[in-house]
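The primary structure of each chain is shown beneath.
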Amino acid sequence: MTFTFRSVDPPKDGELLHSWVTHPKASFWMMQDAKPEDVEGAYRQIAADEHHHAYLGLRDGEPVFLMEKYDPAHRELVGLYEPAPGDVGMHFLVAPTDTPVHGFTRAVITAVMARLFEDAAVRRVVVEPDVGNKAVHALNQAVGFVPEREIQKPEKRALLSFCTRERFAAATGVAV
């Protein structure tokens, strides 16, 4: 599967993102009760933040997933681990669908990781999913993430995990 990426445009994409982040399958996104203006506002903040960026993943021109990348030295993980040069943080969310395609979510996370590693400065991707999100732990492992430890974030108990470009390439066969 081939995907393209474009930056989130909060006024244009806010309604779509609201439908995704408030869907029951997006419970780990922790925006279940958000109003459309809350979601647009959150993505306006990200758009204005030099350390946090949001992108829509497109398949055949249609938005099918959300990817966020952030600098863990400045966002999300400040004070919770010692960031190394070349670390980048990542979140992703696949759009809800009534007709799931086998292997789609794995193709998405593989594309997200390949996109992050396109930047030669990125040496390691950092994630901090909820400890209870077993589905994403399995996906993370499939693309080369290794859990380090549980951490307590303000909003959740999280599993701090890392993936180097070498582990990603070995796990997926994708050259980066």
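Right, let's walk through the structure included here. (Residues numbered from 1 in each chain as written. Predicted model: local features only at pLDDT ≥ 70, side-chain atom pairs only at ≥ 80, totals over all residues. Heavy atoms only, no water.)

Assigned secondary structure in the protein chain consists of five helices and seven strands. Secondary structure elements in the protein chain, listed N-terminal to C-terminal, are β-α-α-β-β-β-α-β-α-β-β-α. Dimensions of the protein chain along its principal axes, counting C-alpha atoms only, are 40 × 35 × 30 Å. A burial count over the protein chain gives 47% of its 176 residues as buried. (Helix = DSSP H or I, 4+ residues; strand = E, 2+ residues; numbered from the N terminus. Buried < 20%, exposed > 50% of the residue type's maximum accessible area, 1.4 Å probe, protein only.)

A few words now on the pattern of salt bridges. Under the criterion given, the structure shown has ten salt bridges. Of the charged contacts, one joins Glu128 and Lys153 as a salt bridge, the two residues approaching to 3.0 Å between their closest N and O atoms. With Glu128 in the loop between strand E5 (124-127) and helix H4 (134-142) and Lys153 in the loop between strand E6 (146-152) and strand E7 (157-164), this residue pair connects regions lying 25 residues apart in the sequence. Within the structure, one salt-bridge network assembled from shared partners comprises Glu76, Glu128, Lys153, Glu155 and Lys156. (Salt bridge = Lys/Arg side-chain N within 4 Å of Asp/Glu carboxyl O.)

Roughly 1300 Å³ of volume is contained in the largest pocket. If you go around the largest pocket, you meet 46 residues; those closest to its centre are Ala26, Trp29, Phe92, Leu93 and Val94. Looking at the lining of the largest pocket, the elements that each hand over two or more residues are helix H2 (36-47), strand E2 (52-59), strand E3 (62-70), strand E4 (87-94), helix H3 (104-117) and H4. In terms of residues, the lining of the largest pocket owes the most to one element, E4, which gives five residues. By volume, the second largest pocket amounts to about 310 Å³. Of all the secondary structure elements, the ones that give two or more residues to the lining of the second largest pocket are E2, E3, E4 and H3. In terms of residue count, the dominant contributor to the lining of the second largest pocket is E3 (three residues). (1 Å grid on protein atoms, 1.4 Å probe; cavity = no way out; pocket = protein on both sides within 12 Å on 5 of 7 lines; lining within 4 Å. Points joined across faces, edges and corners; volume = space filled by probe spheres on them.)

All right, on to the nonpolar core then. With 28 residues, the main nonpolar core has Phe65, Met90, Phe92, Val112, Met113 and Val125 as its most contacted residues. Those elements that place two or more of their residues in this core are E3, E4, H3, E5 and H4. Looking at this core element by element, the count peaks at nine residues for H3. Excluding its chain neighbours within four sequence positions, the residues that come into contact with Phe92 are Trp29, Leu66, Met67, Thr105, Val108, Ile109, Val112, Val136 and Leu139. Counting 17 residues, the second-largest nonpolar core is a separate cluster that includes Leu17, Trp20, Ile46 and Leu58. (Core = buried A, V, L, I, M, F, W, Y, C linked by side-chain atoms within 4.5 Å. Contact = heavy atoms within 4.5 Å.)

Interhelical geometry of H3 versus helix H5 (residues 165-172) gives an angle of 145° and a closest axis separation of 11 Å. Between H3 and H5 lies a crossing of left-handed hand. Across the interface between the two elements, Arg106, Thr110, Met113, Ala114 and Phe117 of H3 pack against Arg165, Phe168, Ala171 and Thr172 of H5. Partitioning the contact of H3 with H5 into residue classes produces five nonpolar, two polar and two charged. (Axes fitted to C-alpha atoms, helices over the stretch in contact; angles between N-to-C directions. Left-handed = near helix turned anticlockwise from the far one by under 90°. Nonpolar A, V, L, I, M, F, W, Y, C, P; charged D, E, K, R; others polar.)

With that settled, consider the pairing of E5. Both faces of the sheet carry side chains from a regular strand, because those side chains alternate between them. Residues Arg124 and Val126 of E5 are buried on one face, and the alternating residues Val125 and Val127, pointing to the opposite face, are buried as well. Of the strand pairs in this sheet, E4 and E5 are connected by three bridges, and their pairing is parallel. Within the sheet, the bridge partner assigned to Val88 lies in E5 and is Val125. Remark: the E4/H3/E5 crossover connection has right-handed handedness. Bridge count for E5 against E7 is four bridges, and the pairing is antiparallel. Counterpart to Val126 in the pairing with E7 is Phe162. (Pairing = 2+ DSSP bridges. Right-handed = clockwise from strand over helix to strand, strands pointing away.)

The values reported here are purely geometric and, on their own, carry no functional implication.
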